[in-house]
Amino acid sequence: MIKDNENVEVPEEEDFELQKLRERRKRKARRQSRRVRAFQRLVCIGVVMLCVGTVVLATETIRGKGIRGTAGRESHRAGAVSAAMRVPEGEERQTAEVKRPWVEVPEMGALFGIHVQGKGWSNYFADNAYGMAPVGGYITAIRATLHNQPVGMPGTIEYQVNLSGSGWLDWQTDANEAGEALGEMPLEAVCMRLTGELAEHYDVFYSVLQANAWTDWSKNGEEAGVSGAGLRVDGIRVSVARKEKEGDSYAGEIDPSRPMVALTYDDGPSKNTTPRILAALKANGGRATFFMVGNRVGKHGDVIRQMVAQGCEVANHTYDHTLMTKVEPAELERQLELTNQAVADTGGVTPVLMRPCGGATNDVGMGVAGAISMPAVLWSIDTLDWKTKDAPTIISAVLDHVKDGDIILMHDLYEATADASEVLIPELVKRGYQLVTVSELASYRGGMTPGKSYYKFRP
């Protein structure tokens, strides 16, 4: 007699059939085990693919850019980013690290305009630029919107003004008027804030020109300016910056404790040289200021739009490269106004800075610049690239002399300048300099006012 595992006696003649039965059961169990393992592998692969797909979808959604333009156009909101970033109901964020750091969301900027008493509405100014009334003028209303708001990230920009004689007015949003464009009373103070998910990932900074001085940066609903003291607002700056994962964020995403310089390029744009310079800036996280000759703007619209997209500053170098000292005031004003309008029509933002051709200035000409709200920007380092057209000489002219706060003059017409820039830009970054626009440099070094000349901005 043979006993099975349950100690049940089995006749010997049944031993063979029992063994076959057991073998069938074992084979069946092995097949079932293989099926289970295969199914588990498929489930794991499916989960991984689902996770990867979700990340790709969220990344592509965040990278998608909806421009909310001057007419307040609504961006498309797919909702994928919102769903991916929202904490499930009933759960709380455990640590600050759970929040997305600024590097994981795209850059976003403000576009803003001012209404000057007796002059009307300005074109829109770029993020962190200067929106200023002409000498003797003042602001009666403002409007603002957002540029490159991430698709699927709900929220907007809101702003409130204190109007002399009326106090604080209602909050406005998305390019609507705050103040009284048809009135005579000036603004005395301004508040701004972001709403919705935008407020979780971005800060809005703003400053006003009051009593001939720029206020310190205010942010996220704080009051900029002094209300109730009879002081009017003559200028405003607005900047939207991504929140830092740790520590403070800054307007223009510029660290004021680190050294910075402003690369500037005159006489362009050009078909070949300017794109090379822009590519080098983009690769190294830098920005520059380009002083445009107005009659070249229409031929190079794509280049100018690329400048704006990269956060570079598009500035004014007259329409026909005209010397301030060689023309009548009315002609100089026409030259500057034509260029401002050409850039605004092409790139969507208006220049706020002018550079006198040849660096030549006089009191009458500076009065014209002041009357159309523009400071004059000169330089502290002249590379003489137009003369030498030699890349090593241009490089040495910068690296042998550069200091924190310098404004560096080059021209984006020459291949040698592009060759030099492709060396200078990464080298300056390697040496610890932030490459910023002139307006950004000035914003942390006392600011600018219309009709004044500036050569450098030392700390």
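The structure under discussion appears in the preceding block.
Every value quoted in this text rests on a predicted model; they were computed, and no experiment measured them.

Participant: Please set out the overall build of the protein chain residue by residue, giving values where relevant.
Facilitator: On a plain count of helices and strands, the protein chain comes out with 11 helices and 26 strands. Residues counted as buried form 50% of the 459 residues belonging to the protein chain. Once local pairs closer than 6 in sequence are excluded, the contacts in the protein chain between residues at least 24 apart make up 70%. Here the protein chain displays about 21,800 Å² of accessible surface, and carbon together with sulfur accounts for 51% of that area.

Participant: Residues and numbers for the layout of surface pockets, please.
Facilitator: A volume near 470 Å³ is recorded for the second largest pocket. As for the second largest pocket, its lining consists of 23 residues, of which Ser122, Glu337, Asn340, Ile372 and Ser373 are closest to the centre. Secondary structure elements with two or more residues in the lining of the second largest pocket: β4 (109-116), β5 (120-121) and α6 (329-347). A total of 4 residues in the lining of the second largest pocket trace back to one element, the largest contributor, which is α6.

Participant: Got a sec to walk through the environment of Gly347? Specific residues and values, please.
Facilitator: Position of Gly347 relative to the elements: it lies in helix α6. Note on Gly347: relative accessible area 17%, which makes it buried. Taking C-alpha positions, Gly347 is 8.7 Å from Val314, a pair spaced 33 residues apart along the chain. Not counting chain neighbours up to four residues away, the residues in contact with Gly347 comprise Ile304, Arg305 and Val308.

Participant: Tell me about helix α4 (residues 273-283), residues and numbers included.
Facilitator: Along α4, the residues classified as buried are Thr273, Thr274, Ile277, Leu278, Ala280 and Leu281. Along α4, the residues classed as buried sweep out an arc of 160° about the axis, all on the same side. Those residues of α4 that are exposed and aimed more than 90 degrees away from the buried face are Lys282 and Ala283. Of the surrounding elements, those touching the buried residues of α4 are β19 (260-266), β20 (289-292), α5 (301-309), α10 (415-430) and β25 (434-435).

Participant: Describe the packing of α4 against α10, naming the residues involved and giving the relevant values.
Facilitator: The contact between α4 and α10 brings their axes to 9 Å, and the two run at 0°. As judged from the angle between their axes, α4 and α10 are roughly parallel. Here Thr273, Arg276, Ile277, Ala280 and Leu281 of α4 lie close against α10, whose contacting residues are Glu415, Ala418, Asp419, Ser421, Glu422 and Ile425. By residue class, the composition of the contact of α4 with α10 is 5 nonpolar, 2 polar and 4 charged.

Participant: Can you lay out the pairing of strand β21 (residues 313-316) for me, pointing to particular residues and giving the numbers?
Facilitator: With burial as the criterion, each face of β21 is covered, one bearing Glu313 and Ala315 and the other bearing Val314 and Asn316. As paired elements, β20 and β21 share 4 bridges and run parallel to each other. The residue bridging Thr289 from the neighbouring strand is Glu313, located in β21. Handedness of the crossover is the feature at issue here: the chain leaves β20, passes through α5, returns alongside β21, and the resulting connection is right-handed.

Participant: I'd like a rundown of the sheet that holds strand β12 (residues 178-179), residues and numbers included.
Facilitator: Spatially, 4 strands are ordered β5-β4-β7-β12 in an open sheet, and the strand pairing comes out antiparallel. The strands lining the two open edges of the sheet, one partner per strand, are β5 and β12. Pairing of strand β7 (residues 139-147) with β12 involves 2 bridges; the strand directions are antiparallel. Counted as the bridge partner of Ala141 is Gly179 from β12.

Participant: Lay out the pattern of salt bridges with the relevant residues and their values.
Facilitator: Two side chains of opposite charge can pair, provided their charged atoms sit close to one another. Taken as a whole, this structure holds 15 salt bridges when the rule is applied. Measuring nitrogen to oxygen at the nearest pair gives 3.5 Å for the salt bridge that ties Arg242 to Glu107. Residue Arg242 is located in strand β18 (residues 233-242), and its partner Glu107 is located in the loop between α2 (80-85) and β4; the two are separated by 135 residues in the primary sequence. Residues joined in a network through salt bridges with shared partners are Arg276, Glu415, Asp419 and Glu422.

Participant: Explain the nonpolar core to me, and be specific about the residues and the numbers.
Facilitator: The biggest cluster of nonpolar side chains holds 59 residues, and the ones touching the most others in it are Ile142, Met192, Ile236 and Met448. Elements represented by at least two residues in this core include exactly β4, β7, β9 (157-163), β13 (187-194), β14 (202-210), β18, β19 and α11 (438-443). If near-sequence neighbours (up to four positions away) are discounted, Ile142 is found in contact with Gly113, Ile114, Trp121, Tyr159, Val161, Asn176, Glu177, Ala178, Leu187, Val190, Met192 and Ile236. By size, the runner-up hydrophobic cluster in this structure holds 40 residues, among which are Ile395, Leu399, Ile408 and Leu428.

Participant: Lay out the packing of aromatic side chains with the relevant residues and their values.
Facilitator: If you walk through the whole model with that rule in mind, you get 6 aromatic pairs. With 6.4 Å between their ring centres and 85° between their planes, Phe205 and Trp217 make a pair best called edge-to-face. Taken together, the residues Phe205 in strand β14 and Trp217 in the loop between β15 (213-214) and β16 (218-219) connect sequence positions 12 residues apart. With respect to burial, Phe205 and Trp217 carry one shared label: buried. Aromatic side chains Tyr265 and Phe290 sit 5.2 Å apart centroid to centroid with 20° between the ring planes, which places their arrangement in the stacked category. Note that Tyr265 is positioned in strand β19 and Phe290 in strand β20, a separation of 25 residues in sequence. For the residue pair Tyr265 and Phe290, the accessibility class agrees, reading buried in each case. Cluster of aromatic residues (ring-pair linked, three or more members): Phe205, Trp217 and Tyr444. Between the NZ or CZ atom of Arg237 and the centre of the ring of Trp214, over which it lies, the distance is 4.5 Å. The positively charged end of Lys389 is found above the aromatic ring belonging to Tyr414, 4.8 Å away from the centroid.

Reading guide: rules and limits
Residues numbered from 1 in each chain as written. Predicted model: local features only at pLDDT ≥ 70, side-chain atom pairs only at ≥ 80, totals over all residues. Heavy atoms only, no water. Helix = DSSP H or I, 4+ residues; strand = E, 2+ residues; numbered from the N terminus. Buried < 20%, exposed > 50% of the residue type's maximum accessible area, 1.4 Å probe, protein only. Contact = heavy atoms within 4.5 Å. Areas by Shrake-Rupley, 256 points an atom, 1.4 Å probe, with all protein chains shown as cover. 1 Å grid on protein atoms, 1.4 Å probe; cavity = no way out; pocket = protein on both sides within 12 Å on 5 of 7 lines; lining within 4 Å. Points joined across faces, edges and corners; volume = space filled by probe spheres on them. Arc of directions from axis to C-beta. Axes fitted to C-alpha atoms, helices over the stretch in contact; angles between N-to-C directions. Parallel < 35°, antiparallel > 145°, perpendicular 65-115°, else oblique. Nonpolar A, V, L, I, M, F, W, Y, C, P; charged D, E, K, R; others polar. Pairing = 2+ DSSP bridges. Right-handed = clockwise from strand over helix to strand, strands pointing away. Salt bridge = Lys/Arg side-chain N within 4 Å of Asp/Glu carboxyl O. Core = buried A, V, L, I, M, F, W, Y, C linked by side-chain atoms within 4.5 Å. Phe/Tyr/Trp six-rings, centres within 6.5 Å; stacked < 30°, edge-to-face > 60°. Lys NZ or Arg CZ within 6 Å of the ring centre and 35° of its normal.

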